[in-house]
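Single-letter residue listing:
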Amino acid sequence: MASRRGPVQRSPTFFVGAEKQKKDLDAFQRREQQLAEVYYKNKPLCFNACTYQRTHPVKANAGHRDADATLVSPMAVGVADGVSQIEEYGIDSSELPTELLRQCEELAFDQLLPRKSHAPYHGPIPLVREAFCNTECMGSTTLVLALLDNSTRIHGKLHPMIAVISIGDCELVILRRLQGRSGPLELVFHTEMQRVDGHCQTPLQLARVDERIDAQFHDSITVEVIERGSAVHCISAYEGDIVIVGSDGVFDNLYLDEVAAIANTVLPPSSTQ
């Protein structure tokens, strides 16, 4: 059994240049589908979510902005963690994460809201790509985004699915009461961090920068990161599932079993409707 880790001393995330990111895209690419073998009659589902943000005291004392941005909406939840090193070049590290998630929210609303005349949904990669192309702010950020799709059909039957796309070291976990309503919440899915050469200060990231930071960088590099470097997963969704999304500030300090234990403390079986 691994020993309990101590508190991680936070330090700024470093910007990763174009050539380094391109080199590692193949290593990060992953496509997985996790489909339930037993299907239940499902009504359309939506997220009922809330957010909490707090700047790490070490970063706050150093004068760094809170560069995290969060998204909660009926059809999408997500976290974008801005790269704080960008501030050294006079760029507000919170602007791109905030604008990116706002664009993701608008597209998810148009494409995924049930009973709404909407634009076609083609999956998480096209949605994030379009969202990034609709942004204008400078900066760099990691991202994890969960999209709830009620239109998926499995063996001809409608079955809600959660599509997860992650770029960098934000993470997502899904907990479910596998033993029925009176059972505990158990881990059924979690994403993995994508860090260049394994370094905690150099996650894969989605960026728009100019010659002050990287003269070789172009928006096409980020589009390639989205299309080839993002990790994409598709998971069956059921009423009562708990989806927890957080930045590396959460998951560098908590093991997955600790996350599940906290959820079970806050949401005991008796509170399940």
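Summary of the structure given here.

The rules behind each value
Residues numbered from 1 in each chain as written. Predicted model: local features only at pLDDT ≥ 70, side-chain atom pairs only at ≥ 80, totals over all residues. Heavy atoms only, no water. Helix = DSSP H or I, 4+ residues; strand = E, 2+ residues; numbered from the N terminus. Contact = heavy atoms within 4.5 Å. Areas by Shrake-Rupley, 256 points an atom, 1.4 Å probe, with all protein chains shown as cover. Buried < 20%, exposed > 50% of the residue type's maximum accessible area, 1.4 Å probe, protein only. Core = buried A, V, L, I, M, F, W, Y, C linked by side-chain atoms within 4.5 Å. Pairing = 2+ DSSP bridges. Polar contact = N/O pair within 3.5 Å; in protein donor to acceptor, adjacent residues only side chain to side chain. Axes fitted to C-alpha atoms, helices over the stretch in contact; angles between N-to-C directions. Parallel < 35°, antiparallel > 145°, perpendicular 65-115°, else oblique. Left-handed = near helix turned anticlockwise from the far one by under 90°. Nonpolar A, V, L, I, M, F, W, Y, C, P; charged D, E, K, R; others polar. Salt bridge = Lys/Arg side-chain N within 4 Å of Asp/Glu carboxyl O. Arc of directions from axis to C-beta. Expected span 1.5 Å × (residues − 1).

1. What to know about the overall build of the protein chain
Right, so step 1: Per the secondary structure count, the protein chain includes eight helices and twelve strands.
Right, so step 2: Across the protein chain, the fraction of contacts at a sequence separation of at least 24, relative to all contacts at a separation of at least 6, is 75%.
Right, so step 3: Summing over all exposed atoms, the protein chain offers an accessible surface of approximately 13700 Å²; the carbon and sulfur share of this is 51%.

2. A word on unusual backbone geometry
Right, so step 1: Despite not being glycine, histidine 155 has its phi angle at roughly 55°, a positive value.
Right, so step 2: Mapped onto the elements of the fold, histidine 155 is located in the loop between strand S5 (153–154) and strand S6 (157–158).
Right, so step 3: Residue classification places histidine 155 among the exposed residues on the basis of a relative accessible area of 70%.

3. Some words on the nonpolar core
Right, so step 1: The biggest cluster of nonpolar side chains holds 44 residues, and the ones touching the most others in it are Leu145, Ile162, Val164 and Leu206.
Right, so step 2: A per-element tally of this core places helix H4 (residues 95–112) first, with seven residues.
Right, so step 3: Each residue touching valine 164, except ones within four places of it in the same chain, is listed here: Val144, Leu145, Ala146, Leu172, Phe189, Thr191, Ala231, Val232, His233 and Ile235.
Right, so step 4: Grouped together as the second largest cluster of nonpolar side chains are ten residues, Ala18, Val83, Ile91 and Ile213 included.

4. Here we look at the pairing of strand S3 (residues 76–82)
Right, so step 1: The buried fraction of S3 is high, at seven of seven residues.
Right, so step 2: Side-chain alternation along S3 places Ala76, Gly78, Ala80 and Gly82 on one buried face and Val77, Val79 and Asp81 on a second face that is also buried.
Right, so step 3: Of the pairings in the sheet, the one linking strand S2 (residues 68–72) to S3 comprises five bridges and is antiparallel in character. Paired with alanine 69 across the two strands is alanine 80, which belongs to S3.
Right, so step 4: Judged from the seven bridges that link them, S3 and strand S4 (residues 139–149) form a sheet pairing that is antiparallel. In the strand pairing of S4, valine 79 is matched with valine 144.

5. Quick look at the side chain of threonine 222
Right, so step 1: Within the secondary structure, threonine 222 sits in helix H6 (residues 219–229).
Right, so step 2: At 2.4 Å, the side chain of threonine 222 forms a polar contact with the backbone oxygen of alanine 207.
Right, so step 3: With residues near it in sequence (within four places) discarded, threonine 222 still touches Phe132, Leu206, Ala207 and Phe217.

6. Let's talk about the packing of H4 against helix H5 (residues 124–133)
Right, so step 1: Two elements in contact, H4 and H5, have axes separated by 8 Å at closest approach and are oriented at 130°. Judged on the interaxial angle alone, H5 and H4 are oblique. Of the two elements, H4 crosses H5, and the hand of that crossing is right-handed. Residues Leu100, Gln103, Cys104, Leu107, Ala108 and Gln111 of H4 pack against Leu127, Glu130, Ala131 and Phe132 of H5.
Right, so step 2: Taken together, the residues of the contact of H4 with H5 break down into seven nonpolar, two polar and one charged.

7. Observations regarding the pattern of salt bridges
Right, so step 1: Summed over the entire model, instances satisfying the criterion amount to five salt bridges.
Right, so step 2: For arginine 176, the salt bridge goes to aspartate 241, with nearest N and O atoms at 2.8 Å. Of this pair, arginine 176 sits in strand S8 (residues 171–176) while aspartate 241 sits in the loop between strand S11 (231–236) and strand S12 (242–246), and the two are 65 residues apart along the sequence. Residues arginine 176 and aspartate 241 agree in their burial class; the two are buried.

8. Overview of H5
Right, so step 1: Within H5, burial applies to Pro124, Ile125, Leu127, Val128, Ala131 and Phe132. On an axial view of H5, the arc spanned by its buried residues comes to 165°, and they lie on one face.

9. Structural notes on H4
Right, so step 1: With 18 residues, H4 should cover 26 Å at 1.5 Å per step; its first-to-last C-alpha distance of 25 Å lies within 8% of that length.
Right, so step 2: Among the residues of H4, Leu96, Pro97, Glu99, Leu100, Leu101, Gln103, Cys104, Leu107, Ala108, Gln111 and Leu112 are the ones counted as buried.
Right, so step 3: Of the surrounding secondary structure, the elements contacted by the buried residues of H4 are S2, S3, H5, S4 and strand S10 (206–208).

10. Some remarks on the sheet that holds S12
Right, so step 1: Here we have three strands laid out as an open sheet, ordered S9-S8-S12, and antiparallel in their pairing. Strands with a single pairing partner mark the edges of an open sheet, and in this sheet they are strand S9 (186–190) and S12. Averaged over all adjacent pairs, the angle separating strand axes in this sheet is 25°, with direction ignored.

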